[in-house]
Amino acid sequence: MTGFLSRTIEGLFLSTDRQRYWSPEHFGLTGREILSPAPDGSRVSTLVIDPAEGKPAGTVLYLHPGSHNRGFHLPQVAWLAAAGWRVLVPDYRGSGASEGSLRPDLLHEDAEAAAAAADVRPGELIVFGQGAGAHAALRFAARNPVLCRGLVLESLYATRRGWLIHRYGPGIGHLCAALLESETPEPAELLSRTGIPTALLHAERDAWLPAAEHRALLRHIPANCTCWEAPGAKTSEPFMAPGIWREKFLCFARSALAA
């Protein structure tokens, strides 16, 4: 029973579906699907968007926040292909076009399946994650330090139990945290010992990430981590339109690949 309750609580971090949303064509781009096996034998579907023209400046692996599916979040990264980058956007198992069952604690495996199928090579990869996808990005980087040259993390919580407590408040939040059974390394721990250049973005009006969790995470910032604060911005808003945050992303990514 406790295992079932723990899996149910893990589901609070994700709210995926299989509906159709945006496609590369909506942004004047061309995408192709590749399928790759996950450790459980099911296939992960990854959308590959090649740059609009010319040789890619590098590859960005995008791990979305865990709501809806990759199509819903394409506006977060389509601009990168227009700017000359190859973009990989996997659907997590159990959502979108991927097979299998959703495993909130194993999203990094879906990322690894996508990178392997796209033949990502050392020295070319930036991983961009939001929310639960930011946690998965840190786990991916910890397991694949040779592949990953830089991390851009938005809406990253310090710990999953802390997120539950601060998100759902005293009582319910503490009960959920107590019932969560997991040995998954927490973001604060992973961030504190990562040797990979990292940009940590926090939107001031992020409704998904409790402010207390962001403050807790800041206590674990390593020397190679740059903190970006987006005043007045809402959840997942900074990269939705042209402006300073897209420029910061590109500058950081170019610098990370050149290091």
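Our subject is the structure listed above.
In this text, all values refer to a predicted model and were calculated from it rather than measured experimentally.

A. Layout of the packing of aromatic side chains. Counted by the stated rule, this structure contains 15 aromatic pairs. Seen in terms of ring centroids, Y62 and F128 are 5.1 Å apart; in terms of plane orientation they differ by 40°. Their pairing is tilted. Within this pair, whereas Y62 is found in strand β4 (residues 59-63), its partner F128 is found in strand β7 (residues 125-130), the two being separated by 66 residues in sequence. Taken as a pair, Y62 and F128 share a single burial class, namely buried.

B. Region of the structure containing the pairing of strand β6 (residues 86-90). Taking burial as the measure, the five residues of β6 include five buried ones, the bulk of the element. Burial along β6 is two-sided: the residues R86, L88 and P90 and V87 and V89 are all buried. Relative to β6, strand β3 (residues 43-49) is paired through four bridges, and the arrangement is antiparallel. Across the sheet, the residue bridging to I49 is V87, located in β6. As defined by bridge partners, β4 adjoins β6 across three bridges and the pair is classed as parallel. Residue L61 lies in a different strand from β6, and its bridge partner there is L88.

C. Fine view of helix α5 (residues 132-143). Taking 1.5 Å as the rise per residue, α5 with 12 residues should run 16 Å; its terminal C-alpha atoms sit 17 Å apart, in good agreement. Buried residues of α5: A132, G133, A134, H135, A136, A137, L138, R139, F140 and A141, and no others. Each element contacted by the buried residues of α5 is listed here: β4, α4 (107-117), β7, β8 (148-154), α6 (160-168) and α8 (187-192).

D. Quick peek at the sheet that holds strand β9 (residues 198-205). An order of β2-β3-β6-β4-β7-β8-β9-β10 is seen for the eight strands of this open sheet, with the pairing classed as mixed. Every other strand in the sheet has two partners, leaving β2 (31-37) and β10 (225-234) as the edge strands with one partner each. Between one strand and the next, the sheet's axes are offset by a mean angle of 20°, whatever the strand orientation. Here seven bridges tie β2 to β3, and the two strands are oriented antiparallel to one another. Residue pairing in the sheet places P37 in a bridge with R43 of β3. Relative to β8, helix α10 (residues 244-258) is tilted by about 155°, and along the sheet it contacts β4, β7, β8, β9 and β10.

E. Summary view of the nonpolar core. The biggest cluster of nonpolar side chains holds 45 residues, and the ones touching the most others in it are L61, L63, V127, F140, L151 and L153. Contributing elements (two or more residues each) for this core: β4, α4, β7, α5, β8, α6, α8 and α9 (211-218). It is α5 that contributes the most residues to this core, seven residues altogether. V77, I126, F128 and F239 belong to the second largest nonpolar core, which has 31 residues in total.

F. Structural context of α6. All buried positions along α6 are accounted for by R160, G162, W163 and L164. Between the side-chain oxygen of the N-cap and the backbone nitrogen of G162 there are 2.9 Å, and the N-cap of α6 in question is T159. Looking one or two residues past α6, G169 carries a phi angle of roughly 80°, positive in sign.

G. Region of interest: the pattern of salt bridges. On inspection of all chains with the given rule, the structure shows 12 salt bridges. Where R143 meets E112, a salt bridge forms, and the shortest distance between an N and an O atom there is 2.7 Å. One end of the pair, R143, is in helix α5; the other, E112, is in helix α4, with 31 residues separating them in the sequence. Taking the relative accessible area as the measure of exposure, R143 reaches 48% and is therefore partly exposed. Via salt bridges that share partners, D40, R93, E109 and D110 belong to a single interconnected network.

H. Examining the packing of α6 against helix α7 (residues 172-179) more closely. Interaxial distance between α6 and α7 falls to 7 Å at its minimum, and their mutual angle equals 160°. Classified by the interaxial angle, the pair formed by α6 and α7 is roughly antiparallel. α7 is crossed by α6, and the crossing has right-handed handedness. Residue-level inspection shows R161, L164, I165 and Y168 of α6 in contact with α7, the latter providing I172, G173, H174, C176 and A177. Classifying every residue of the contact of α6 with α7 gives six nonpolar, two polar and one charged.

I. Examining unusual backbone geometry more closely. The phi angle at D119 is positive, at roughly 55°, despite the residue not being glycine. Looking at where D119 falls in the secondary structure, it is placed in the loop between α4 and β7. Assessed through its relative accessible area of 46%, D119 is described here as partly exposed.

Rules of the game
- Residues numbered from 1 in each chain as written.
- Predicted model: local features only at pLDDT ≥ 70, side-chain atom pairs only at ≥ 80, totals over all residues.
- Heavy atoms only, no water.
- Phe/Tyr/Trp six-rings, centres within 6.5 Å; stacked < 30°, edge-to-face > 60°.
- Helix = DSSP H or I, 4+ residues; strand = E, 2+ residues; numbered from the N terminus.
- Buried < 20%, exposed > 50% of the residue type's maximum accessible area, 1.4 Å probe, protein only.
- Pairing = 2+ DSSP bridges.
- Expected span 1.5 Å × (residues − 1).
- Contact = heavy atoms within 4.5 Å.
- Axes fitted to C-alpha atoms, helices over the stretch in contact; angles between N-to-C directions.
- Core = buried A, V, L, I, M, F, W, Y, C linked by side-chain atoms within 4.5 Å.
- Polar contact = N/O pair within 3.5 Å; in protein donor to acceptor, adjacent residues only side chain to side chain.
- Salt bridge = Lys/Arg side-chain N within 4 Å of Asp/Glu carboxyl O.
- Parallel < 35°, antiparallel > 145°, perpendicular 65-115°, else oblique.
- Left-handed = near helix turned anticlockwise from the far one by under 90°.
- Nonpolar A, V, L, I, M, F, W, Y, C, P; charged D, E, K, R; others polar.

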